[in-house]
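# Working through the structure, step by step
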Amino acid sequence: QLQLVDSGGGLVQPGGSLRLSCAASGFTMANYAIAWFRQAPGKGREGVACITRSGGMTNYVDSVKGRFTISRDNAENTVYLQMNSLKSEDTATYYCAAKNSVAGYCHLRGYTHWGQGTQVTVSS
């Protein structure tokens, strides 16, 4: 059974850093584009970043460009989201998601498999 497990969330002060991990089981992650989404209380789900199955192309929402980096280690079946210079508005539950895609680019839509989420709280 295809499963994604998110981890790495926590409480961090503004300006701090966190690294989220998304581990896959039951399938070969190298065949899938992977994305991170987030949802803050009372708000809709927002796509944050995505990476193609090879790792050769990434895409970010404007609000995190220059602060967040998505990467993947297909040998370890894991995708990461390095988050630096965190702001209070980054507070949300973060979810990784996967879709079977051979495209050489990725969009922040159309994902079919989801992790359970990990909470990120940015507060002093």
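Definitions and limits used
- The residue numbering used here restarts from 1 in each chain and proceeds along that chain's sequence as written.
- Under the rules for a predicted model, residues below a pLDDT of 70 receive no local features and side-chain atom pairs below 80 are neither given nor counted, while totals for whole chains, interfaces and linings still include all residues.
- Remark: hydrogens and water are excluded; side-chain values derive from all non-hydrogen atoms of the structure.
- Comment: elements are numbered from the N terminus, with helices defined as DSSP H or I runs of at least four residues and strands as E runs of at least two.
- Here the term buried applies to any residue with accessible area under 20% of the maximum for its type, exposed to any over 50%, and partly exposed to those in between, with areas from a 1.4 Å probe on protein chains only.
- Under the rule applied, a polar contact is a pair of N or O atoms within 3.5 Å (in protein, one hydrogen donor and one hydrogen acceptor; residues adjacent in sequence only if both atoms are side-chain atoms).
- When a carboxyl oxygen of Asp or Glu lies within 4 Å of a side-chain nitrogen of Lys or Arg, that pair is called a salt bridge.
- Any two strands with at least two DSSP-identified bridges between them are counted as paired.
- Working convention: axes come from line fits to C-alpha atoms, limited for helices to the stretch in contact. Angles between N-to-C directions cover 0 to 180 degrees.

## Let's talk about the environment of Asp 62
- Tracing the chain through its elements places Asp 62 in the loop between β6 (58-60) and β7 (68-73).
- Residue class for Asp 62 comes out exposed when judged on its relative accessible area of 62%.
- A polar contact is formed between the side chain of Asp 62 and the side chain of Lys 65, at a distance of 2.9 Å.

## Topic: the pattern of salt bridges
- Under the defined criterion, the tally for this structure stands at four salt bridges.
- Across the pair Arg 38 and Asp 90 runs a salt bridge whose closest N-O atoms are separated by 2.9 Å. Taken as a pair, Arg 38 in strand β4 (residues 32-39) and Asp 90 in the loop between β8 (78-83) and β9 (92-100) lie far apart in primary sequence, 52 residues in all.
- For Arg 38, a relative accessible area of 6% corresponds to the buried category.
- Bridged by salt links that share partners, the residues Arg 38, Glu 46, Arg 67 and Asp 90 form one connected network.

## Description of the sheet that holds β8
- The four strands lie next to each other as β1-β3-β8-β7, forming an open sheet whose pairing is antiparallel. What marks the edges here is a single partner per strand, and that holds for β1 (3-7) and β7. The sheet shows a mean angle of 15° between the axes of neighbouring strands, direction not considered.
- Note: β7 against β8, six bridges, orientation antiparallel. Opposite Arg 72, over in β8, you have Val 79 as the bridge partner.

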